[in-house]
Amino acid sequence: MGTTTTTTSLDAGGEDRVMAAAQQIVKSLNTAKEVREDMLLILSSFDNRLSNITNLIKKDSDSSGVRFDAAENVILRWDSSSSNPDVSRHSLPWEDSPHEAAEYLSAVDEILKLVVDVSIRSDNEIMDRAEAAVQLAMSRLEDEFRLILIRNTVPLDAEGLYGSIRRVSLSFAANEGEIDEEFESFGEVDSVRGCFHERGASLGDDLCVDLINADAVMELKEIADRMIRSGYEKECVQTYSNVRRDALDEYLVILGVEKLSIEEVQKIEWKALDEKMKKWIQAIKITIRVLLSGEKRLCDQIFNGFDSIKEICFSEAAKGCVMQLLNFGEAVAIGKRSSEKLFRILDMYDVLADALLDLEMMITDEFLCSEAKGVLSGLGDAAKGTFVEFENAVKSEASKKPMQNGEIHPLTRYVMNYVKLLVDYSKTLNLLLESDEDEEDDGLQSEDSEFETTTPFAKRLLLLISSLESNLEEKSKLYEDGALRCIFLMNNILYIVQKVKDSELGKLLGDNWVRKRRGQVRQYATSYLRACWMKALYCLKDEGIGGSSNNASKVTLKERFKNFNACFEEIYRIQTGWKVPDPQLREELRISISEKVIPAYRSFMGRFGSQLESGRNSGKYIKYTPEDLENYLLDLFEGSPLILHHVRRKNS
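Residues numbered from 1 in each chain as written. Predicted model: local features only at pLDDT ≥ 70, side-chain atom pairs only at ≥ 80, totals over all residues. Heavy atoms only, no water.

Before going further, it helps to spend a moment on the overall build of the chain. The helix and strand tally for the chain stands at 24 helices and two strands. Taking all 652 residues of the chain together, the buried fraction comes to 47%. Here the analysis covers contacts within the chain between residues at least 6 apart in sequence; of these, 80% occur between residues at least 24 apart. Carbon and sulfur atoms form 49% of the exposed surface of the chain, whose accessible area is close to 32,700 Å². (Helix = DSSP H or I, 4+ residues; strand = E, 2+ residues; numbered from the N terminus. Buried < 20%, exposed > 50% of the residue type's maximum accessible area, 1.4 Å probe, protein only. Contact = heavy atoms within 4.5 Å. Areas by Shrake-Rupley, 256 points an atom, 1.4 Å probe, with all protein chains shown as cover.)

So, on to the state of the cysteines. The tally for this structure, following the rule as stated, stands at zero disulfides. Of all cysteine sulfurs in the structure, the one in cysteine 532 sits closest to cysteine 486, which takes part in no disulfide; the separation is 9.7 Å. Distance from the sulfur of cysteine 567, which forms no disulfide, to the nearest cysteine sulfur (cysteine 539) is 5.9 Å. Look at cysteine 567 and you get buried, because its relative accessible area is 12%. (Disulfide = S-S within 2.5 Å.)

With that settled, consider the packing of aromatic side chains. Any aromatic ring pair is given by two values, namely how distant the centres are and how the planes are angled relative to each other. Under the definition given, this model contains 17 aromatic pairs. Between tyrosine 414 and tyrosine 418, the ring centres sit 5.7 Å apart and the planes meet at 25 degrees, which makes this aromatic pair stacked. Of this pair, tyrosine 414 and tyrosine 418 both sit in helix H15 (residues 410-422), four residues apart, which is roughly one turn of the helix. The pair tyrosine 414 / tyrosine 418 is uniform in exposure class, with both members buried. Their ring planes at 75 degrees and their centres at 5.7 Å tell us that tyrosine 572 and tyrosine 632 sit as a pair that is edge-to-face. One end of the pair, tyrosine 572, is in helix H22 (residues 554-575); the other, tyrosine 632, is in helix H24 (residues 626-633), and 60 residues separate them in sequence. On the basis of relative accessibility, which here comes to 4%, the residue tyrosine 572 falls in the buried class. Through successive ring pairs, a cluster of aromatic residues spans Trp533, Phe564, Phe568, Tyr572, Tyr601, Tyr624 and Tyr632. (Phe/Tyr/Trp six-rings, centres within 6.5 Å; stacked < 30°, edge-to-face > 60°.)

An α-helix turns once every 3.6 residues. As a result, residues three or four positions apart point the same way. With 22 residues, H22 extends 31 Å from end C-alpha to end C-alpha; this agrees with the ideal 32 Å at 1.5 Å per step. Listed in full, the buried residues belonging to H22 are Leu557, Arg560, Phe561, Phe564, Asn565, Cys567, Phe568, Ile571, Tyr572 and Gln575. Buried positions in H22, seen along its axis, are confined to an arc of 165 degrees and lie on one side of it. (Expected span 1.5 Å × (residues − 1). Arc of directions from axis to C-beta.)

With that settled, consider the pattern of salt bridges. Under the defined criterion, the tally for this structure stands at 34 salt bridges. Note that lysine 296 and glutamate 311 form a salt bridge whose closest N and O atoms lie 3.1 Å from each other. Taken as a pair, lysine 296 in helix H11 (residues 270-302) and glutamate 311 in helix H12 (residues 307-333) lie far apart in primary sequence, 15 residues in all. Taken together, the shared-partner salt bridges in this structure form one network comprising Asp109, Glu222, Asp225, Arg226 and Arg229. (Salt bridge = Lys/Arg side-chain N within 4 Å of Asp/Glu carboxyl O.)

Phi is positive for phenylalanine 637, which is not a glycine, with a value near 70 degrees. Mapping phenylalanine 637 onto the fold places it in the segment after H24. Classification of phenylalanine 637 by relative accessible area gives buried; the value is 0%.

Attention now moves to the environment of glycine 385. Within the secondary structure, glycine 385 sits in helix H14 (residues 366-396). Given the relative accessible area of 12%, glycine 385 is considered buried. When the C-alpha positions of glycine 385 and leucine 342 are compared, they lie 9.2 Å apart, and in sequence the two are 43 residues distant.

On to the nonpolar core, then. Grouped together as the largest cluster of nonpolar side chains are 179 residues, with contacts concentrated most on Phe145, Tyr240, Leu292, Phe303, Tyr528 and Trp533. Once you skip the residues sitting within four places of it in the chain, phenylalanine 303 turns out to touch Phe145, Ala224, Ile228, Cys236, Tyr240, Ile309, Lys310 and Cys313. (Core = buried A, V, L, I, M, F, W, Y, C linked by side-chain atoms within 4.5 Å.)

Moving on, we get to the environment of glutamate 250. Inspection of the secondary structure assignment puts glutamate 250 in helix H9 (residues 233-254). Taking the relative accessible area as the measure of exposure, glutamate 250 reaches 43% and is therefore partly exposed. Along the backbone, glutamate 250 and leucine 156 are 94 residues apart, and their C-alpha atoms lie at a distance of 9.0 Å.

Below, the discussion takes up the packing of H9 against H11. Interhelical geometry of H9 versus H11 gives an angle of 160 degrees and a closest axis separation of 12 Å. Between H9 and H11, the interaxial angle falls into the category roughly antiparallel. In this structure, H9 meets H11 at a crossing whose hand is right-handed. Residues Tyr240, Arg244, Leu248, Tyr251 and Leu252 of H9 pack against Thr287, Leu291, Leu292, Glu295, Leu298, Cys299 and Ile302 of H11. Partitioning the contact of H9 with H11 into residue classes produces nine nonpolar, one polar and two charged. (Axes fitted to C-alpha atoms, helices over the stretch in contact; angles between N-to-C directions. Parallel < 35°, antiparallel > 145°, perpendicular 65-115°, else oblique. Left-handed = near helix turned anticlockwise from the far one by under 90°. Nonpolar A, V, L, I, M, F, W, Y, C, P; charged D, E, K, R; others polar.)

Here we take up the confidence of the model for the chain. Summarising the model, the chain shows a mean pLDDT of 81, and 74% of its residues fall at 70 or more. In this model residues 52-60 is a low-confidence stretch, pLDDT under 50, and it forms 11 contacts with partners more than four residues away in sequence or in other chains. Confidence over residues 647-652 falls short of pLDDT 50; this stretch has 14 contacts with residues more than four positions distant or in other chains. (pLDDT = per-residue confidence, 0-100.)

Another aspect to go through is the environment of arginine 77. Residue position: arginine 77 is located in helix H3 (residues 53-77). Considering only alpha carbons, one finds arginine 77 and tyrosine 104, 27 residues apart in sequence, at a separation of 9.6 Å.

Listed below in structure tokens is the structure:
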């Protein structure tokens, strides 16, 4: 009996194992229904324990069919194109009905899983229904994918982003109304007044924005995952790219970047173009560092696990806005060159050079990167060409109207403030000018041979300022008065020296250069004293008076005092109208005059004044005391012509 029990137990266990094997066979067979049934009949003839295997197949098939029907019904229920009102609704409220959305996605998953199941693959009718259901589902998901993308696009806070840009403002004013028509191309530039040239602005490294509401990202990923697994990756990519491309284009509009052709850009007047260039510079920073960075992050989240699709979506979405920005950059690069554009062009070059590094790390589209490099190169050439235009303009500026009071020439102010701002771009200009270095070496004068080892930009500055100095030397010849010519040159050279000394220009040109120019100022001061005061001082010399101080000719003395008074009064009338803007130079000139004139006048009066003071009308000849003259000298070089109204001090 024990043996019989054991045998029954073994038979039952063996049957379980056989049935398990049969179930595995049913699941793994991937052949036509007729072939599968024939194979199973053959297997059942070997062992009666497999006689129930056909029931197993039927049971499994029935279960799969029920699951398929349920999933299909869910999909059909939301089919907006269906003509059956019982199985149709117009729109799936995806975001408002997370439960129904989850049910729909589960139905899609179920059908995708069943279409590879052996129990229904041989059933052509079910397979046709499955294919139709998947097609309907993908159409529905494509619509929802688009709708979620559009609804959840985050509006761009342009003001907030602009506020995140740290600005470095450099003064650069060009008040053309203050200058004469003969040199109107060179505006008045003054660091104290006027407008600002902004450059060096940068975004914070941690600036980051969400372009799609964070809550919607997972829903988008769920839909994208089903579309790609169903073979609808092309539709998914196209939908994503179209929506996001439009969103990025709209962001550019918000940032103030218009869609303009190259021809349209080149027709824009400078003031309007300058504003568009500023907006472009800001837009490049924000677009590359913030918007495209956010777009890249969004693609990584939605298409995680599908690397090639991720890259395609990002490239297609980004291409439109990047090309729009590059087209404007190209238009500026090939546009007419003029000196006022140089700073903006350099700003554009710098910001695009920085952006290109980020762009190459984000995007794999070789065409787009190649286009960006081409525009960068064009901007570099434009900057070099504009700088050359500026150099030529300084050399050839040939206004023939002298400054009436010996003031600083507008050309001097313009050029020195211009190059002072250019120093901020030394790194960029050295890079751009490096290839032209040999040409500049030929123009350097032997006295500046110490510059042979300096940077290309420093050499060009040296040549530029030398051209300015030569031009000023020519302009000084327009003055008939030699003394005023000296005042003009002193004013202008000192202005140049101060701009160099008080800025980074000093480091580029060096102390020796500054010392040489200060020496020139002193030489012109000496020449001024000689040209202006020699005649007055000659009146105070002893020669020609005759005899000793006690019996000098009164007629001659009267003539000498009279001539000196007339000479001093004429100098006073004219030179109170001359302008020496620098207070230190003005004071030094007055002191130099005083040291030359006052001791000579005091000595002359001490020797000969008594011979006239006792006579009639002495006040007519001895009008001024040495102290009077010293006080009057304080009125010189103020730029306001005055006339001496002498009050006779003595009467005889």
